[in-house]
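Observations on the three-dimensional arrangement
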Amino acid sequence: MQSTLSELAELQRLLRLDIPSVHRETLAQLSDGPEQYPVDAVFLGSDRPNVPTFLLVGGVHGVERIGSQVVLAYLNSLLHRLIWDQQLQMALENVRFVCLPILNPVGMARQHRGNGNGVDLMRNAPLDALDPITWPFGGQRLTRHLPWFRGGLGKPLEMEAQALCDLVERLCEQSPMVMALDVHSGFGAQDRLWFPMAGTRQPVPHIADYYALKKLLKHSHPNHRYLLEPQSHHYLCHGDLWDYLYLKANSRQQTLLPLTLELGSWRWVKKNPLQLRSFLGMFHPIKPHRVKRVLRENLYLIEILWRASANMAQWLPKESQRQRMHKIALKHWYQND
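This report concerns the structure included in the present document. Model, not experiment: these values are computed from the prediction. (Residues numbered from 1 in each chain as written. Predicted model: local features only at pLDDT ≥ 70, side-chain atom pairs only at ≥ 80, totals over all residues. Heavy atoms only, no water.)

**Side note on the packing of helix α5 (residues 159-174) against helix α7 (residues 241-251)**
As a packed pair, α5 and α7 sit with axes 11 Å apart at the nearest point and diverge in direction by 30°. In terms of orientation, α5 lies roughly parallel with respect to α7. In the crossing of α5 with α7, the sense of the turn from one axis to the other is right-handed. Taken together, the residues of α7 that come into contact with α5 (itself represented by Ala161, Leu164, Cys165, Val168, Glu169 and Cys172) are Leu241, Trp242, Tyr244, Leu245, Lys248 and Ala249. (Axes fitted to C-alpha atoms, helices over the stretch in contact; angles between N-to-C directions. Helix = DSSP H or I, 4+ residues; strand = E, 2+ residues; numbered from the N terminus. Parallel < 35°, antiparallel > 145°, perpendicular 65-115°, else oblique. Left-handed = near helix turned anticlockwise from the far one by under 90°. Contact = heavy atoms within 4.5 Å.)

**Points about the packing of aromatic side chains**
Using the criterion set out here, one finds 9 aromatic pairs in the structure. Aromatic side chains phenylalanine 54 and phenylalanine 97 sit 5.4 Å apart centroid to centroid with 65° between the ring planes, which places their arrangement in the edge-to-face category. Of this pair, phenylalanine 54 sits in strand β3 (residues 53-58) while phenylalanine 97 is found in strand β4 (residues 96-100), placing the two residues 43 residues apart along the sequence. By the burial criterion, phenylalanine 54 is buried, and phenylalanine 97 matches it. Taking the centre distance of 4.9 Å and the plane angle of 65° together, the rings of phenylalanine 195 and tryptophan 333 count as edge-to-face. Taken together, the positions of phenylalanine 195 in strand β6 (residues 192-195) and tryptophan 333 in helix α10 (residues 319-334) put the pair 138 residues apart, joining distant regions of the chain. Judged by its relative accessible area of 7%, tryptophan 333 falls in the buried class. Put simply, the rings of Phe54, Tyr74, Phe97 and Trp306 pair up and form one aromatic cluster. A cation over a ring is seen here: arginine 123 above phenylalanine 137, with NZ or CZ 5.7 Å from the ring centre. (Phe/Tyr/Trp six-rings, centres within 6.5 Å; stacked < 30°, edge-to-face > 60°. Buried < 20%, exposed > 50% of the residue type's maximum accessible area, 1.4 Å probe, protein only. Lys NZ or Arg CZ within 6 Å of the ring centre and 35° of its normal.)

**Side note on the sheet that holds strand β2 (residues 35-45)**
On the basis of which strands lie adjacent, the open sheet formed by 8 strands has the order β1-β2-β4-β3-β5-β8-β6-β7 and mixed pairing. For this open sheet the edge positions go to β1 (23-32) and β7 (227-230), each flanked by a neighbour on one side alone. Neighbour to neighbour, the strand axes of the sheet diverge by 20° on average, direction disregarded. Here β6 runs beside strand β8 (residues 256-263); their pairing, made up of 3 bridges, is antiparallel. Its bridge partner being in β8, arginine 192 is matched across the sheet by glutamate 262. The sheet contacts of helix α2 (residues 65-82) involve β2, β3, β4, β5 (178-185) and β8, and relative to β3 the element is tilted by about 135°. Sitting on the sheet, helix α6 (residues 207-220) touches β5, β6, β7 and β8, and the angle it makes with β8 is about 50°. (Pairing = 2+ DSSP bridges.)

**Looking at the environment of glutamate 25**
Considering the arrangement of structural elements, one finds glutamate 25 in strand β1. The exposure class of glutamate 25 is partly exposed, given its relative accessible area of 25%. Residues glutamate 25 and valine 42, spaced 17 residues apart in sequence, show a C-alpha to C-alpha distance of 6.4 Å. Looking at glutamate 25, its side chain comes within polar contact range of the side chain of arginine 170, at 2.7 Å. (Polar contact = N/O pair within 3.5 Å; in protein donor to acceptor, adjacent residues only side chain to side chain.)

**So, α6**
In this model, α6 (14 residues) spans 20 Å end to end at C-alpha, consistent with the 20 Å of a helix rising 1.5 Å per residue. Here α6 has its buried residues at Ile207, Ala208, Asp209, Tyr210, Tyr211, Ala212, Leu213, Leu216 and Leu217. If you follow the buried residues of α6, they end up packed against β5, β6, β7, β8, α9 (288-310) and α10. (Expected span 1.5 Å × (residues − 1).)

**Section: the layout of surface pockets**
Estimates place the volume of the largest pocket at around 660 Å³. Surrounding the largest pocket, 38 residues form its lining, Glu64, Arg113, Asp120, Trp148 and Phe283 being those nearest its centre. For the lining of the largest pocket, the elements supplying multiple residues, two or more each, are β5, β8 and α8 (266-271). Considering only residue class, the lining of the largest pocket consists of 17 nonpolar, 13 polar and 8 charged. Forming the boundary of the second largest pocket are Ser21, His23, Glu25, Phe43, Leu44, Gly45, Ser46, Asp47, Arg96, Arg170 and Gln174. Secondary structure elements with two or more residues in the lining of the second largest pocket: β1, β2 and α5. If one sorts the elements of the lining of the second largest pocket by residue count, β2 sits on top with 3 residues. (1 Å grid on protein atoms, 1.4 Å probe; cavity = no way out; pocket = protein on both sides within 12 Å on 5 of 7 lines; lining within 4 Å. Points joined across faces, edges and corners; volume = space filled by probe spheres on them. Nonpolar A, V, L, I, M, F, W, Y, C, P; charged D, E, K, R; others polar.)

**What about the nonpolar core?**
The biggest cluster of nonpolar side chains holds 103 residues, and the ones touching the most others in it are Leu56, Phe97, Leu181 and Trp306. Sequence-distant contacts of phenylalanine 97, defined by excluding residues within four places in its chain, comprise Val42, Phe43, Leu44, Phe54, Leu56, Tyr74, Leu78, Leu92 and Trp306. (Core = buried A, V, L, I, M, F, W, Y, C linked by side-chain atoms within 4.5 Å.)

**Regarding empty space enclosed by the protein**
All chains considered together, the criterion is met by 2 cavities of 30 Å³ or more. Every residue lining the largest cavity is listed: Trp194, Phe195, Pro196, Gln231, Asp240, Trp242, Asp243, Pro258, Leu259 and Thr260. Elements that contribute at least two residues to the lining of the largest cavity include exactly β6, α7 and β8. Ranked by the residues each element gives to the lining of the largest cavity, the list is headed by β8, at 3 residues. When the residues that make up the lining of the largest cavity are grouped by side-chain class, the tally is 6 nonpolar, 2 polar and 2 charged.

Written out as structure tokens, the structure is:
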């Protein structure tokens, strides 16, 4: 049955290409009245154990549709290139590429930030911020009728959040390194690449790896517009799923490097203030030519990141370099703290 959600219909269209090296896995099945929505992940590349993994995620917040559209645009390009590009086929033999374009289809269909239960999935993890937050922006348990609702205290994770956690934990068990890019929109006028933590201003143990990645981007994509920095430089929140998953992986001595691409939606609003007439307009470009521009601008970033994952040994700091790189990264990002 054709989905009434255009992004889900696009994903179904791409999967009908029936490329032998590509397979789908339904992580969860959601209901919203008579409507049924699968949470589908697409797997391509190597299925060998002990190869690095790149995970591309979109649609965590239903109103941030441009995130899912960026993910789908890149998946569309990748799948069509796989049909004829032998060099691409060989490159993907060294990496597991997993794409989860629409984590929150019910929220997207309703044009809500939260899921069908009114829960903000990026406030849903059983993890409290270690430093003070701004209420209610940093997460609240008072009511689902206010934004940033974390869910009830002691309640299990929402189905969508659990699906993401189960997937990431499985990938971490299979891979020497998992890099994840989660595409959002809505903060500021500049595109930002954030890394953990969201719940504390303390630097993460893998800060040297993030600094090495920043150098890689600077030299490989010298004219990029992304500001790579800790998320905590801008705001703190409870229940961040990537904090939760990063801490679990780190406790198991697994390497998980999450990144959040926060597309700066304020510049779209500045160019078209009429967007503020709708809630969606605060997070989405609306004008068709701006949507196309956003889709074009971010594809090369995704290409670099999955290729960096495939070639992790070529740029991640060696043990002999790690302590020095750690000190440089601390000075770079935390010198004013």
